[in-house]
Amino acid sequence: SIICIEAKGKVKAKAKKTYITKNSSGAYNVLGTIVVNKKYGLSKDYTYKNNKQMFDKATNAFNKMQQDAQKDGINLYIISRYRSYSLQKWLYAKYKSESKDVDTFSAKAGYSEHQTGLAFDLNDSKTSVRDSFEFTDAYKWLKENAYKYGFILRYPKGKSDITGYKFEPWHYRYVGTELSYKLKDQTTTLEEYLNICK
């Protein structure tokens, strides 16, 4: 299913002209950014090792962000990061057996950003993610600071018609600081900025 329908409201940041291509590893790419969503997927053999350099940058960026947050009295923990194709397939099947709305919060195998290792599900405790994370000091800190380290809130509130997913206050994507600074206001999705909402 296609996820991007016409964006509502004004998009504050937008790349002028973009083309989507497939790199040698089989990942879709726009302006140097790997794109994984309900339209653009990965093969079952794709792992974080296919973008190891970016994966390592994301690791270092998170470690720095975690340390700086701790200095401000905020604990940040990774609840989920890299997921293989087979793990995502299992998770999706599990969620599908439990909920009719599975496609609003879980991706089919091959269509999860977690398969790149660049998506981070974060929490302020070592337990699971939860919707109430939105009301924590950790979320407030991330809203104000995550972009400084190259992270964006991937599924913002009120953008499910664009992303295909409900608001997930815990789901952050590493894109590097050049792009994260452009999207720091969190009103523009990656799809909108990269101009692939068609």
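Fair warning: this is a prediction, and the values are worked out from it, not measured in the lab.

Enquirer: Is there a simple way to think about helix α2 (residues 85–98) in this case?
Expert: One turn of an α-helix holds 3.6 residues; hence residues three or four places apart share an orientation. Relative to the 20 Å expected for 14 residues at 1.5 Å per residue, α2 spans 20 Å between its end C-alpha atoms, a close match to the ideal helical length. If you check which residues of α2 are buried, you get Q88, L91 and Y92. Along α2, the residues classed as buried sweep out an arc of 100° about the axis, all on the same side. Opposite its buried face, α2 presents the exposed residues S86, K89, W90 and S97, each directed more than 90 degrees away.

Enquirer: Just to check I follow, could you spell out the sheet that holds strand β6 (residues 151–153) for this structure?
Expert: Strand-to-strand pairing in sheets goes through backbone hydrogen bonds, with the strands running parallel or antiparallel. The strand order β4-β5-β7-β6 describes an open sheet built from 4 strands, whose pairing is antiparallel. Every interior strand has two partners, whereas the edge strands, β4 (77–80) and β6, have only one. Across the sheet, the mean angle separating the axes of adjacent strands is 45° when strand polarity is ignored. In this sheet, strand β5 (residues 119–123) lies alongside β4 in antiparallel orientation, the contact comprising 3 bridges. Pairing of Y77 across the sheet is with N123, part of β5.

Enquirer: Mind showing me how you'd approach the nonpolar core here?
Expert: The nonpolar side chains of soluble globular proteins are, as a tendency, buried together. Membership of the largest hydrophobic core comes to 28 residues, with the highest contact counts inside it found for M65, L76, W141, L142, F151 and Y172. Secondary structure elements with two or more residues in this core: α1 (52–71), β5, α3 (137–145), β6 and β7 (171–174). A total of 5 residues in this core trace back to one element, the largest contributor, which is α1. Residues contacting W141, with those up to four places away along its chain left out, are M65, D68, A69, D72, I74, L76, A146 and Y149. Residues V35, L179, L183 and I196 belong to the second largest nonpolar core, which totals 13 residues.

Enquirer: Would you explain the sheet that holds strand β3 (residues 33–35) in this entry?
Expert: Ordered by their spatial adjacency, 3 strands build an open sheet running β1-β2-β3, and the pairing between neighbours is antiparallel. Strands at the two margins of the open sheet, each flanked by one partner only, are β1 (21–22) and β3. By the bridge criterion, 3 bridges tie strand β2 (residues 28–30) to β3 in an arrangement that is antiparallel. Residue pairing across strands places V30 opposite T33, the latter belonging to β3.

Enquirer: Teacher, can you tell me more about the pairing of β5 here?
Expert: The side chains of a regular strand alternate, residue by residue, between the two faces of the sheet. Burial within β5 is extensive, with 5 of its 5 residues counted as buried. Judged by which residues are buried, β5 turns out to be covered on both faces: A119, D121 and N123 on one side and F120 and L122 on the other are all buried. Bridge count between β5 and β7: 3 bridges; the pairing is antiparallel. Counted as the bridge partner of F120 is Y172 from β7.

Calculation rules
Residues numbered from 1 in each chain as written. Predicted model: local features only at pLDDT ≥ 70, side-chain atom pairs only at ≥ 80, totals over all residues. Heavy atoms only, no water. Helix = DSSP H or I, 4+ residues; strand = E, 2+ residues; numbered from the N terminus. Expected span 1.5 Å × (residues − 1). Buried < 20%, exposed > 50% of the residue type's maximum accessible area, 1.4 Å probe, protein only. Arc of directions from axis to C-beta. Pairing = 2+ DSSP bridges. Axes fitted to C-alpha atoms, helices over the stretch in contact; angles between N-to-C directions. Core = buried A, V, L, I, M, F, W, Y, C linked by side-chain atoms within 4.5 Å. Contact = heavy atoms within 4.5 Å.

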